[in-house]
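Each chain, letter by letter, is given below.
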Amino acid sequence: EPEVTQTPSHQVTQMGQEVILRCVPISNHLYFYWYRQILGQKVEFLVSFYNNEISEKSEIFDDQFSVERPDGSNFTLKIRSTKLEDSAMYFCASSAGTQNTEAFFGQGTRLTVV
Amino acid sequence: QKEVEQDPGPLSVPEGAIVSLNCTYSNSAFQYFMWYRQYSRKGPELLMYTYSSGNKEDGRFTAQVDKSSKYISLFIRDSQPSDSATYLCAMSRMNRDDKIIFGKGTRLHILP
């Protein structure tokens, strides 16, 4: 069964450092997303991406965040200068983009900023 | 008022019982309603989705949507210990590719 894969599963970084979270969406999917979940809180939308550009972004997705699809298979989330409050689980998701299709989520990257 | 409200629980029920989980929402633009299951430190896994009002059944799971009351439910029949997880209600607007708004999740424990 096709699945969304994310690497690394756990990333520890020092405050102020840049991190890149990587995702390989399902191969024939067209829409890509990043969500995050702070411990004990709900899953929150960060950004959606289609046709090599951002479709929508939340107020969380400020200038410190960027997304890229560098090579047609990977989908990355970069945080330029991490803050303690960026510590969370980050989930990548993809969908085929036709009506009544579902968004498939990856297993997540746990980011810990120290 | 929060966009999606869900009682976080925990909810503990004996094995074999019928489980009822529910959410309320405030945005009448939501058209797609979903239930995800999430195990600890794992990604959300889609269980069921429905479009607009009505019921949908899949095995032991039944999803109900009442748009007039802005209320959605998930029923689990013959609950099993393996059903123990956090259940997230979620919804989106007209396009299925639209961002998903999640509830906080209800932690469910099925006691053997």
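These remarks concern the structure in this document. (Residues numbered from 1 in each chain as written. Chains lettered and ligands numbered in written order. Predicted model: local features only at pLDDT ≥ 70, side-chain atom pairs only at ≥ 80, totals over all residues. Heavy atoms only, no water.)

Comments concerning the sheet that holds strand β1 (residues 4-6) of chain B
Residue and element names in this part refer to chain B.
- Pairing is antiparallel in the open sheet, where five strands are placed in the order β1-β3-β8-β7-β6. In this open sheet, the two strands that pair with only one neighbour each are β1 and β6 (54-58). Put simply, the sheet's adjacent strands are angled 15 degrees from each other on average, direction ignored.
- As paired strands, strand β7 (residues 61-66) and strand β8 (residues 71-76) are joined by six bridges and run antiparallel to one another. Its bridge partner lying in β8, Ala 63 is registered against Leu 74. (Pairing = 2+ DSSP bridges. Helix = DSSP H or I, 4+ residues; strand = E, 2+ residues; numbered from the N terminus. Axes fitted to C-alpha atoms, helices over the stretch in contact; angles between N-to-C directions.)

What about the environment of A:Ala103?
- Tracing the backbone through its elements, the reader meets A:Ala103 in the loop between β9 (88-95) and β10 (104-105).
- Residues A:Ala103 and A:Tyr33, spaced 70 residues apart in sequence, show a C-alpha to C-alpha distance of 8.9 Å.

A look at the interface of chain A and chain B
- Between chain A and chain B, the residue contacts involve 24 residues of the former and 19 residues of the latter.
- Applying the counting criterion to the chain A and chain B interface returns two salt bridges.
- Viewed at the interface, chain B and chain A are joined by three residue pairs in polar contact (both at pLDDT 80 or more).
- Within the residue set of the side of chain A that touches chain B, elements represented by two or more residues are β4 (31-37), β5 (43-50) and β9 of chain A.
- Tallied by class, residues from the side of chain A that touches chain B come to nine nonpolar, 11 polar and four charged. (Contact = heavy atoms within 4.5 Å. Salt bridge = Lys/Arg side-chain N within 4 Å of Asp/Glu carboxyl O. Polar contact = N/O pair within 3.5 Å; in protein donor to acceptor, adjacent residues only side chain to side chain. Nonpolar A, V, L, I, M, F, W, Y, C, P; charged D, E, K, R; others polar.)

So, to be careful, I would describe these as geometric facts and stop short of saying anything about function.
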